[in-house]
Amino acid sequence: MSMVMAAVAMQATGAAGNTVSAYYGAKSQKSSLEFQAQLDDINARLAESSAQTILFQGQREEQRSRLQTAQMKSAQRVALAANGVDLTEGSAAEILTSTDVLGESDANTLHANAVRAAWGQRTQATNLQIDAMGKRTAARAISPSMAATSTLLSGATQVASSWYTGTKGK
């Protein structure tokens, strides 16, 4: 009988150790998920900041492009006028109109590229926020006390079963 009791005592000690381990394991997992959610929040804010920077840079490039177009058109007007060409009709007017159209096309392309790049950053920010919400939800679902209680009950059931089996024949 003393061998049975020794085995049951060792099993009970193991169950107690498993209970403590389950508690701290669940607590650690919960803390890890909460920390990861905080990192996702930070990264989402960085992605949004990056989107705003991209839009600002796009506006500056668009303005620079429009200035270059205006400078080119001014140079064309000066060159045409210096040669005595009427700027309001014929090929001179077509040249100046083409300069306007191409310049506007370049500016619009720069704007569209900036909007597209910012949209990508904002999509990333949204995905990070969704991930953070999921991690917080998962963390809230973890109960270290419940994990310990479940492990304790499972261990107690096994100890009781071993004790009953060991003392049944006596």
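Chemist: Help me out: how do you make sense of the environment of Phe35 in this one?
Modeler: Topologically, Phe35 is positioned in helix α1 (residues 2-82). On the basis of relative accessible area, Phe35 is assigned to the partly exposed category, the value being 49%. Considered as a pair, Phe35 and Leu153 are 118 residues apart in the sequence and their alpha carbons are 30 Å apart.

Chemist: Quick question: what am I supposed to make of the pattern of salt bridges here?
Modeler: Pairing between side chains becomes possible if they bear opposite charge and their charged atoms approach one another. All told, the structure shown has six salt bridges when counted by the stated rule. Among the ionic pairs, Arg136 bridges to Asp41, the shortest N-O distance being 2.2 Å. Taken together, the residues span a long stretch of sequence, with Arg136 in helix α2 (residues 90-141) and Asp41 in helix α1 at a distance of 95 residues. You can call Arg136 partly exposed: its relative accessible area is 29%. For Arg66, the salt bridge identified is with Glu104, shortest N-O distance 2.5 Å. Of this pair, Arg66 sits in helix α1 while Glu104 sits in helix α2, and the two are 38 residues apart along the sequence. Given a relative accessible area of 34%, Glu104 falls into the partly exposed group. One network of salt bridges, with partners in common, ties together Glu62, Arg66 and Glu104.

Chemist: How should a nonpolar patch on the surface be read in this particular structure?
Modeler: A grouping of Phe35, Leu39, Ile42 and Leu46 is seen on the molecular surface, where their side chains present a nonpolar patch of about 370 Å² in accessible area. Along the polypeptide, Leu46 turns up in helix α1.

Chemist: Would you explain α2 in this entry?
Modeler: What sets the pattern is the α-helix's 3.6 residues per turn: residues three or four places apart point alike. With 52 residues, α2 extends 76 Å between its outermost C-alpha atoms, agreeing within 8% with the 76 Å of an ideal straight helix rising 1.5 Å per residue. If you check which residues of α2 are buried, you get Ala92, Leu96, Thr99, Gly103, Ala107, Ala114, Ala118, Ala125, Leu128, Ala132 and Ala139.

Conventions and cut-offs
Residues numbered from 1 in each chain as written. Predicted model: local features only at pLDDT ≥ 70, side-chain atom pairs only at ≥ 80, totals over all residues. Heavy atoms only, no water. Helix = DSSP H or I, 4+ residues; strand = E, 2+ residues; numbered from the N terminus. Buried < 20%, exposed > 50% of the residue type's maximum accessible area, 1.4 Å probe, protein only. Salt bridge = Lys/Arg side-chain N within 4 Å of Asp/Glu carboxyl O. Patch = residues over 30% accessible without salt bridge, like charges linked within 9 Å, V, L, I, M, F, W, Y side chains within 5 Å. Areas by Shrake-Rupley, 256 points an atom, 1.4 Å probe, with all protein chains shown as cover. Expected span 1.5 Å × (residues − 1).

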